[in-house]
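A closer look at the structure
Read off the chains here:
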Amino acid sequence: MESLPDVPRVVQLPDGTYTYTNHLPTPPAQFSGPQVIHQHVHQAPPDRTVQRVALGAGMGAGTVAAGVYFGPLLVGVLTAMAANLALLALIAVVCAWGVVTVVRSVGGEDGKRAASTLRRSRGRR
(Lines give C-alpha, C1' and ligand atoms only; values in the text may rest on other atoms or scores of the structure.)
Protein backbone atom coordinates (compact mmCIF):
# COMPACT_ATOMS: atom_id res chain seq x y z
CA MET A 1 0.00 0.00 0.00
CA GLU A 2 2.93 2.33 0.54
CA SER A 3 3.82 2.43 -3.19
CA LEU A 4 0.35 3.50 -4.35
CA PRO A 5 -0.08 7.17 -5.27
CA ASP A 6 -2.09 9.38 -2.97
CA VAL A 7 -5.69 9.32 -4.17
CA PRO A 8 -7.27 12.77 -3.98
CA ARG A 9 -10.31 13.00 -1.76
CA VAL A 10 -13.25 15.39 -1.99
CA VAL A 11 -13.43 17.78 0.95
CA GLN A 12 -15.73 20.61 1.88
CA LEU A 13 -14.06 24.00 2.37
CA PRO A 14 -15.13 26.44 5.11
CA ASP A 15 -17.02 28.55 2.54
CA GLY A 16 -19.18 25.52 1.68
CA THR A 17 -17.66 24.58 -1.70
CA TYR A 18 -16.25 21.16 -2.48
CA THR A 19 -12.80 20.50 -3.94
CA TYR A 20 -10.23 17.74 -4.34
CA THR A 21 -7.42 17.56 -1.82
CA ASN A 22 -4.73 17.73 -4.53
CA HIS A 23 -6.06 21.20 -5.57
CA LEU A 24 -5.79 22.75 -2.14
CA PRO A 25 -3.33 25.64 -1.89
CA THR A 26 -0.07 24.66 -0.32
CA PRO A 27 0.96 26.54 2.78
CA PRO A 28 3.84 28.98 2.26
CA ALA A 29 7.26 27.52 2.88
CA GLN A 30 9.14 28.65 5.94
CA PHE A 31 12.45 30.34 5.06
CA SER A 32 15.30 29.95 7.45
CA GLY A 33 17.67 32.49 5.91
CA PRO A 34 17.84 35.36 3.46
CA GLN A 35 16.25 34.74 0.10
CA VAL A 36 18.69 34.70 -2.84
CA ILE A 37 17.39 36.51 -5.89
CA HIS A 38 19.02 35.73 -9.22
CA GLN A 39 18.73 38.76 -11.43
CA HIS A 40 19.86 38.63 -15.05
CA VAL A 41 21.03 41.97 -16.37
CA HIS A 42 21.27 42.16 -20.14
CA GLN A 43 22.86 44.75 -22.36
CA ALA A 44 20.42 47.23 -23.83
CA PRO A 45 19.59 46.64 -27.49
CA PRO A 46 21.20 49.03 -29.97
CA ASP A 47 19.28 52.18 -30.79
CA ARG A 48 17.39 51.70 -34.03
CA THR A 49 15.71 55.11 -34.13
CA VAL A 50 17.14 56.07 -37.52
CA GLN A 51 16.05 52.79 -39.06
CA ARG A 52 12.55 53.15 -37.61
CA VAL A 53 12.24 56.69 -38.94
CA ALA A 54 13.45 55.55 -42.37
CA LEU A 55 10.93 52.71 -42.47
CA GLY A 56 8.18 55.07 -41.28
CA ALA A 57 9.07 57.51 -44.05
CA GLY A 58 8.35 54.85 -46.66
CA MET A 59 11.87 53.68 -47.43
CA GLY A 60 12.16 49.99 -48.09
CA ALA A 61 13.73 47.49 -45.75
CA GLY A 62 16.51 46.89 -48.29
CA THR A 63 17.48 50.55 -48.15
CA VAL A 64 17.54 50.48 -44.38
CA ALA A 65 19.60 47.28 -44.37
CA ALA A 66 22.05 48.83 -46.84
CA GLY A 67 22.38 51.87 -44.57
CA VAL A 68 23.03 49.65 -41.58
CA TYR A 69 25.65 47.68 -43.50
CA PHE A 70 27.35 50.43 -45.51
CA GLY A 71 27.15 53.18 -42.86
CA PRO A 72 30.10 51.89 -40.79
CA LEU A 73 32.02 51.10 -43.98
CA LEU A 74 31.56 54.70 -45.14
CA VAL A 75 32.83 55.99 -41.80
CA GLY A 76 35.89 53.75 -42.11
CA VAL A 77 36.63 54.91 -45.65
CA LEU A 78 36.28 58.60 -44.72
CA THR A 79 38.57 58.09 -41.73
CA ALA A 80 41.20 56.45 -43.92
CA MET A 81 40.96 59.28 -46.44
CA ALA A 82 41.35 61.88 -43.69
CA ALA A 83 44.42 60.07 -42.37
CA ASN A 84 45.95 60.01 -45.86
CA LEU A 85 45.27 63.70 -46.38
CA ALA A 86 46.80 64.53 -42.99
CA LEU A 87 49.93 62.56 -43.91
CA LEU A 88 50.16 64.34 -47.28
CA ALA A 89 49.78 67.73 -45.56
CA LEU A 90 52.58 66.83 -43.14
CA ILE A 91 54.83 65.82 -46.04
CA ALA A 92 54.04 69.10 -47.86
CA VAL A 93 54.91 71.16 -44.77
CA VAL A 94 58.19 69.30 -44.29
CA CYS A 95 59.12 69.74 -47.96
CA ALA A 96 58.28 73.46 -47.90
CA TRP A 97 60.34 73.91 -44.74
CA GLY A 98 63.26 72.10 -46.40
CA VAL A 99 63.05 74.21 -49.57
CA VAL A 100 62.91 77.45 -47.57
CA THR A 101 65.90 76.37 -45.47
CA VAL A 102 67.96 75.44 -48.53
CA VAL A 103 67.07 78.67 -50.37
CA ARG A 104 68.02 80.78 -47.34
CA SER A 105 71.34 79.06 -46.92
CA VAL A 106 72.31 79.03 -50.61
CA GLY A 107 70.62 82.30 -51.65
CA GLY A 108 73.63 84.64 -51.65
CA GLU A 109 73.21 88.32 -52.64
CA ASP A 110 70.10 87.79 -54.77
CA GLY A 111 68.36 86.03 -51.91
CA LYS A 112 69.23 88.82 -49.46
CA ARG A 113 68.02 91.51 -51.88
CA ALA A 114 64.77 89.62 -52.44
CA ALA A 115 64.26 89.28 -48.69
CA SER A 116 64.90 93.00 -48.12
CA THR A 117 62.52 93.92 -50.94
CA LEU A 118 59.88 91.68 -49.44
CA ARG A 119 60.44 93.25 -46.02
CA ARG A 120 60.08 96.78 -47.45
CA SER A 121 56.89 95.89 -49.31
CA ARG A 122 55.34 94.67 -46.05
CA GLY A 123 56.19 97.91 -44.33
CA ARG A 124 59.14 96.79 -42.21
CA ARG A 125 62.54 98.43 -42.64
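Anyway, here's the lowdown on the structure attached to this text. Please read these numbers as outputs of a predicted model, since none were measured by experiment. (Residues numbered from 1 in each chain as written. Predicted model: local features only at pLDDT ≥ 70, side-chain atom pairs only at ≥ 80, totals over all residues. Heavy atoms only, no water.)

With that settled, the discussion passes to the overall build of the chain. Across its full length, the chain holds three helices and two strands. Starting at the N terminus, the α and β elements of the chain follow one another as β-β-α-α-α. Total accessible area computed for the chain in this model is approximately 11,900 Å², and 65% of it derives from carbon and sulfur atoms. (Helix = DSSP H or I, 4+ residues; strand = E, 2+ residues; numbered from the N terminus. Areas by Shrake-Rupley, 256 points an atom, 1.4 Å probe, with all protein chains shown as cover.)

A cluster of nonpolar side chains, Leu85, Leu87, Leu88, Leu90, Ile91 and Val94, forms an exposed patch at the surface whose accessible area comes to about 600 Å². By the element assignment, leucine 87 lies in helix α2 (residues 61-106). (Patch = residues over 30% accessible without salt bridge, like charges linked within 9 Å, V, L, I, M, F, W, Y side chains within 5 Å. Salt bridge = Lys/Arg side-chain N within 4 Å of Asp/Glu carboxyl O.)

Enumeration according to the criterion identifies one aromatic pair in this entry. Relative to phenylalanine 70, the ring of tyrosine 69 lies with its centre 4.9 Å away and its plane at 85 degrees, an arrangement referred to as edge-to-face. The exposed category is assigned to tyrosine 69, whose relative accessible area is 54%. Overall, the relative accessible area of 49% leaves phenylalanine 70 in the partly exposed class. (Phe/Tyr/Trp six-rings, centres within 6.5 Å; stacked < 30°, edge-to-face > 60°. Buried < 20%, exposed > 50% of the residue type's maximum accessible area, 1.4 Å probe, protein only.)

When you line up the elements, aspartate 15 lands in the loop between β1 (10-12) and β2 (18-20). A residue is classified by how much of its surface remains accessible, and aspartate 15, at 61% relative accessible area, is exposed.

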